[in-house]
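Analysis of the macromolecular model
The primary structure of each chain is shown beneath.
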Amino acid sequence: MSVLDDIIVGVREDLAAREYALPLPRLQSNALARPAALDAHSALKGNGPGGLEVIAEVKRSSPSKGSLASITDPAALAARYESGGAAVVSVLTEQRRFKGSLADLDAVRARVNIPVLRKDFTVTDYQIWEARAHGADLVLLIVAALGDAQLEHFLGLTHELGMNALVETHTAEEVDRAAAVNARLIGVNVRNLKTLDIDRSVFPELAGRIPEGSVTIAESGVRDIADVEQFAAQGANAVLVGEALVRHDDPESTIGAFRAAGRRAWRRVHQH
C-alpha cells in the first residue's frame, strides 16, 4: 500500500465518525447559510504577467518530516501571512499525519479576509460540503486519488457551491486528466505522494503541458528564494509554501521576498 493509500484509509475512518455526528442534510444547510465564497482564482491569477502569488500554509506536521511547528494559534499565523502579502491561506485539516483540524480552518476563516484553502484528501461529496460549511473558498482535489468521473463530479460540485478547486498533479497523465475536466487551478506537486520523494525536475517537465488559461501552481519543495526563482522562471504563477514559512521567525518578510523573487525571475526570462 502506498503512503497516499494509507493516508486515505485513515481519512475515510475519521470521515465516517463526522458523518455520523452530523448527517449530510444538516451539513448542507450549514454550507448554504454561509456567505458566498471568495474568488480564489482571481487571487491566484494575480495582477497579470510578472506576478508570483503565494499560498501560505498552516502546517504543524507532515508524513515526510514529522513535527514542523507547534502552531498554538493558527489564526494569528494566518493573519501574519495575510499582512505579508499571501494571496491564499492553506489550512491542513487532516488530523492523523498532519495534526490539522476543522477547528483550525474555523479559526483562520474568522481572522483573515483572503481566500482560504481546505487542504485535505477529498474522497467524498461530504468533504466538499464540509469545506464550504466551515468557510473554505477552495478545496484540494488530488488527481492520483480520484478516477476521472469522480474528479469531474467533485470539480462540478465545487463550482456549484461557488468555490474553486486546486487540482493537484504529479505526472504528465495527471496533468492531461486535469486539463480534460477544464481545471482552472492546476498544481504540480514535486513530491510523489506514493513514496514522499521530492523531485523538483518534475515541475518544468509538466508546467508546459498545463493549458495556457489555467493558473499554474508549484507545490512542495520550496526551501528558499532560489527555489522560488526557479519555479517562477519555469512558469509558476503561484507557489504553495508550508515548511519554509512555519519554521521561519518572520513569515511576513519571507512571503515578500518570495514574491519579489518571482518578479525578478519573470523579468529575467522575458527580457532575453
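Model, not experiment: these values are computed from the prediction.

1. Things to note about helix 8 (residues 172-180)
- Every buried residue of helix 8 is accounted for by Glu-174, Val-175, Arg-177 and Ala-178. Taken down its axis, helix 8 places every buried residue within 160 degrees of arc, on the same side. The outward face of helix 8, more than 90 degrees from its buried face, is lined by the exposed residues Glu-173 and Ala-180.
- Its buried side turned inward, helix 8 meets helix 7 (148-160), strand 7 (164-169), strand 8 (185-189) and helix 9 (202-207).
- A positive backbone phi angle near 60 degrees is found at Asn-182, which sits one or two residues after helix 8.

2. Focus on the packing of helix 4 (residues 74-84) against helix 12 (residues 251-270)
- Helix 12 packs onto helix 4 with a crossing angle of 35 degrees between their chain directions and a minimal axis gap of 8 Å. Both helix 4 and helix 12 take part in a crossing whose hand is right-handed. Contacts between helix 4 and helix 12 pair Leu-77, Arg-80, Tyr-81, Ser-83 and Gly-84 from the former with Pro-251, Glu-252, Ile-255 and Gly-256 from the latter.
- Residues of the contact of helix 4 with helix 12, tallied by class, amount to 4 nonpolar, 3 polar and 2 charged.

3. Examining the packing of aromatic side chains
- Considering all chains together, one arrives at 2 aromatic pairs under this definition.
- With centroids separated by 6.0 Å and ring planes inclined at 35 degrees, the aromatic side chains of Phe-98 and Phe-121 adopt a geometry described as tilted. Highlighted residues: Phe-98 in the loop between strand 4 (88-92) and helix 5 (102-111) and Phe-121 in the loop between strand 5 (116-119) and helix 6 (125-133), separated in sequence by 23 residues.

4. Some points on the pairing of strand 7
- In terms of residue burial, strand 7 counts as a mostly covered element, since 6 of its 6 residues are buried.
- A two-sided burial pattern is seen for strand 7, the buried positions comprising Asn-164, Leu-166 and Glu-168 on one face and Ala-165, Val-167 and Thr-169 on the other.
- As paired elements, strand 6 (residues 138-142) and strand 7 share 5 bridges and run parallel to each other. From the neighbouring strand, Val-139 faces strand 7, where its bridge partner is Ala-165.
- Once you follow strand 6 into helix 7 and on to strand 7, the crossover reads as right-handed.
- Across 4 bridges, the pairing between strand 7 and strand 8 is parallel.

5. Quick look at the environment of Leu-140
- With respect to the secondary-structure elements, Leu-140 resides in strand 6.
- With 23 residues separating them in the primary sequence, Leu-140 and Leu-117 have C-alpha atoms 7.4 Å apart.
- With residues up to four places along the chain from it excluded, the contact list for Leu-140 reads Leu-117, Arg-118, Lys-119, Asp-120, Thr-122, Leu-166, Glu-168 and Glu-219.

6. Section: the pattern of salt bridges
- This model, assessed by the stated rule, comprises 16 salt bridges.
- Between Arg-268 and Glu-229 there is a salt bridge, with its nearest N and O atoms 3.8 Å apart. You can see Arg-268 sitting in helix 12 and its partner Glu-229 sitting in helix 10 (residues 225-233), a full 39 residues away along the chain.
- On the basis of relative accessibility, which here comes to 17%, the residue Glu-229 falls in the buried class.
- Residues participating in the shared-partner salt-bridge network are Arg-18, Arg-118, Asp-120 and Glu-130.

7. Some thoughts on the sheet that holds strand 4
- In space, the 8 strands of this closed barrel follow the order 1-4-5-6-7-8-9-10, with parallel pairing throughout. Across the sheet, the mean angle from the axis of one strand to that of its neighbour is 25 degrees, orientation sign disregarded.
- Inspection of the sheet shows strand 1 (residues 53-58) paired to strand 4 by 4 bridges, in the parallel sense. Across the sheet, the residue bridging to Glu-57 is Ser-90, located in strand 4.
- Taken strand by strand, helix 7 contacts strand 6 and strand 7, and its axis lies near 155 degrees from that of strand 7.
- Across the sheet, helix 12 touches strand 1 and strand 10 (238-241), and the angle it forms with strand 1 is around 150 degrees.

8. Considerations on the side chain of Glu-174
- Residue placement: Glu-174 occurs in helix 8.
- Buried within the structure, Glu-174 lacks any salt-bridge partner; Lys-194 is the closest side chain of opposite charge, at an N-O distance of 5.1 Å.
- Those residues in contact with Glu-174, other than ones at most four positions away along the chain, are Val-143, Ala-144 and Thr-169.

Criteria and cut-off values
Residues numbered from 1 in each chain as written. Predicted model: local features only at pLDDT ≥ 70, side-chain atom pairs only at ≥ 80, totals over all residues. Heavy atoms only, no water. Buried < 20%, exposed > 50% of the residue type's maximum accessible area, 1.4 Å probe, protein only. Helix = DSSP H or I, 4+ residues; strand = E, 2+ residues; numbered from the N terminus. Arc of directions from axis to C-beta. Contact = heavy atoms within 4.5 Å. Axes fitted to C-alpha atoms, helices over the stretch in contact; angles between N-to-C directions. Left-handed = near helix turned anticlockwise from the far one by under 90°. Nonpolar A, V, L, I, M, F, W, Y, C, P; charged D, E, K, R; others polar. Phe/Tyr/Trp six-rings, centres within 6.5 Å; stacked < 30°, edge-to-face > 60°. Pairing = 2+ DSSP bridges. Right-handed = clockwise from strand over helix to strand, strands pointing away. Salt bridge = Lys/Arg side-chain N within 4 Å of Asp/Glu carboxyl O. Lys, Arg positive; Asp, Glu negative; His and termini not counted.

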